[in-house]
Structures are given as C-alpha cells and as structure tokens.
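Structure assessment
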Amino acid sequence: IIDGCLFELSYLKNIPLALEEEWPRRQPRVRPFRFGEGIGGNQLPLPRVNYNPDIVRFYQRGMSTDDPVIQFLSFYHVLEYFFVRVANEHLYRKLAQRINDPKFSTSPANLDRVIRDILTHKRETDETEMLKLVLTKFVDEAELIEFIKAYESYLGENLYTKRRTIFGDSVEVKLVSGHTISNVARRVKLIRNALVHSSDRYERKQRYIPTASAEKMIRREIPLVKFLAERVIIGSAQ
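Reference entry: report on the structure contained in this document. (Residues numbered from 1 in each chain as written. Predicted model: local features only at pLDDT ≥ 70, side-chain atom pairs only at ≥ 80, totals over all residues. Heavy atoms only, no water.)

**Topic: helix H2 (residues 53–63)**
Those residues of H2 that fall on the buried side of the exposure criterion are Ile 55, Tyr 59 and Gly 62. Viewed end-on, H2 has its buried residues packed into an arc of 55°, placing them on one side of the element. Seen from the open side of H2, the exposed residues pointing more than 90 degrees away from its buried face are Arg 57 and Arg 61. Lining the buried residues of H2 we find helix H3 (68–80) and helix H9 (212–235). (Buried < 20%, exposed > 50% of the residue type's maximum accessible area, 1.4 Å probe, protein only. Helix = DSSP H or I, 4+ residues; strand = E, 2+ residues; numbered from the N terminus. Arc of directions from axis to C-beta. Contact = heavy atoms within 4.5 Å.)

Here it is in structure tokens:
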C-alpha cells in the first residue's frame, strides 16, 4: 500500500519518493580508498598530452554523481568506447601477419585461411572478449594486480580473490599473470549486464533490483572500474 501511494504521488506530483528499507543511522566516517601516491597542494602541472574528450565526459559524469549505478555505467562507457576499434586492430594484426608471410600466396588454401580468420573473429569476439582486448591494450596487468591487493587490504577482505556468486554466476579473480585481466573483464561485464538488463528473458539467474543492499554491493565495485577507466583515458592519450 505504501509503495503504491508513493508511486502515485511521484507520478501525479513529479517528485521522487521511496520508502527507506531501514531506519537511517549515522554512518561512521571512513577514510576513502586511494591507490598510489596523492598530489598535495594546489600547484598542478598542465597536461602534457591530449586526452580523448569523449571518454573524459563519461569519466566526469561518473565523478559527478553519488549514484553507484550511474557511476559504474559511466566508467564502463569509457572502456566500451574502444571495443570495436581495438577488436578490429587485433584482427588487422592477425591478417597482416598472415599476408606478410613470404609463403603467402593467393591460392585457394591461403585465401580460405583469411576467410576463416575473419569469420572466427566475428563469431568469437563477443563483448566480454572485446573488453578483455581493451584492458590488455591499455592496462598493465602487474599494476592491476597491485591495485586489487591494495583495495582488498583497505577493505580487510578478499572481495575479488575469493570465489563469490554475483547475480547468479560464480566469479573469482586470480592474481596470476595471464589470468587477472580476463577474470576482471568477466566480472565487470557480468555486473554491467545485470545493471543494464532487467528483462526476464535475459540469460541470468538473478536480476539487479535497486535495493540498499544491492547498491552497497555495486558501490564496492566502483573503485576497480574507475581505476580501469583512468588507465584507458591515460593510455589512449596522445
């Protein structure tokens, strides 16, 4: 009854209202997580590079809000911006290596290999693989491992390195070279899909519902996706 009344009041009067899930309590002040060394003072250097203004706008949108869902998706948009470009670059390198091989000729067998490369690329390069390629291009895996260790130390728990179930899927990030980026890509993409898709026809076992507990879980994921967005912005600068 209360939810119905609040919906009609929001609908009729155009004001946002919702029922709190628990009695408001004063939250203790927590030192915010910061990775790496901070910069003191107000004398800052001018940029030495040109940043992509499109992805900077996505980043600033994420920085300007306290809504964890908007934050996560805004930082994710920075990563998504390069999906097609980086995936195509990966295919171009593969084709160039094949064509530049002195043994390559325009025989049917060689041309069939080129066609197979292209068809395989289209079939296998899903968005999770695209995200992995973007992270591989712009993010140093050793630094990513260092970030996860520092963030887990700050939280006092193994948020990433312990196997957990998120939106119906079991995920774990192994801090091993060659595995960390792919594990992180799968986790980030899983959360992104849950935030974007609410349809019961979407293939997952659990939906995201904007409850206080769910948003608390998403909020804990923000530092990682923000770190990835910053690496992509800096790594793509010219």
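**A look at a nonpolar patch on the surface**
A cluster of nonpolar side chains, Phe 7, Tyr 11 and Leu 12, forms an exposed patch at the surface whose accessible area comes to about 420 Å². Considering the arrangement of structural elements, one finds Tyr 11 in helix H1 (residues 2–13). (Patch = residues over 30% accessible without salt bridge, like charges linked within 9 Å, V, L, I, M, F, W, Y side chains within 5 Å. Areas by Shrake-Rupley, 256 points an atom, 1.4 Å probe, with all protein chains shown as cover. Salt bridge = Lys/Arg side-chain N within 4 Å of Asp/Glu carboxyl O.)

**Brief notes about helix H8 (residues 180–196)**
Its 17 residues give H8 an end-to-end C-alpha distance of 24 Å, which sits within 8% of 24 Å, the value for a rise of 1.5 Å per residue. Counting buried positions along H8 gives 14 out of 17 residues, so the element sits mostly inside the fold. (Expected span 1.5 Å × (residues − 1).)

**A short note on the packing of aromatic side chains**
Within the structure shown, the criterion is met by 14 aromatic pairs. Each ring, one from Phe 33 and one from Tyr 151, has its centre 4.9 Å from the other, and the planes form 55°; the classification is tilted. Residue Phe 33 is located in the loop between H1 and H2, and its partner Tyr 151 is located in helix H7 (residues 141–155); the two are separated by 118 residues in the primary sequence. Using a relative accessible area of 4% as the deciding quantity, one classes Tyr 151 as buried. Considering the side-chain rings of Tyr 76 and Phe 83, the 6.2 Å spacing of their centres and the 85° angle between planes classify their relative orientation as edge-to-face. Through a chain of ring-to-ring contacts, three or more aromatic side chains come together here, namely Phe 33, Phe 35, Phe 147, Tyr 151, Tyr 154, Tyr 160 and Phe 227. (Phe/Tyr/Trp six-rings, centres within 6.5 Å; stacked < 30°, edge-to-face > 60°.)

**Side note on the side chain of Ser 236**
Within the secondary structure layout, Ser 236 lies in the segment after H9. A distance of 3.3 Å separates a polar side-chain atom of Ser 236 from the backbone oxygen of Ile 233. Apart from the residues within four sequence positions on either side, Ser 236 is in contact with Ile 55, Phe 82 and Phe 138. (Polar contact = N/O pair within 3.5 Å; in protein donor to acceptor, adjacent residues only side chain to side chain.)

**So, the pattern of salt bridges**
Per the counting criterion, the structure on display carries 10 salt bridges. We note a salt bridge from Arg 192 to Glu 80, for which the minimum N-O separation is 3.8 Å. Remark: Glu 80 occurs in helix H3 and Arg 192 occurs in helix H8; sequence separation between them is 112 residues. Accessibility expressed as a relative area gives 24% for Glu 80, which makes it partly exposed. Two residues, Glu 143 and Arg 231, come together in a salt bridge whose shortest N-O distance is 3.8 Å. With a gap of 88 residues between them, Glu 143 in helix H7 and Arg 231 in helix H9 connect regions that are remote in the sequence. You can call Arg 231 partly exposed: its relative accessible area is 23%. What emerges from the salt-bridge pattern is a single network uniting Glu 80, Glu 127, Lys 189 and Arg 192.

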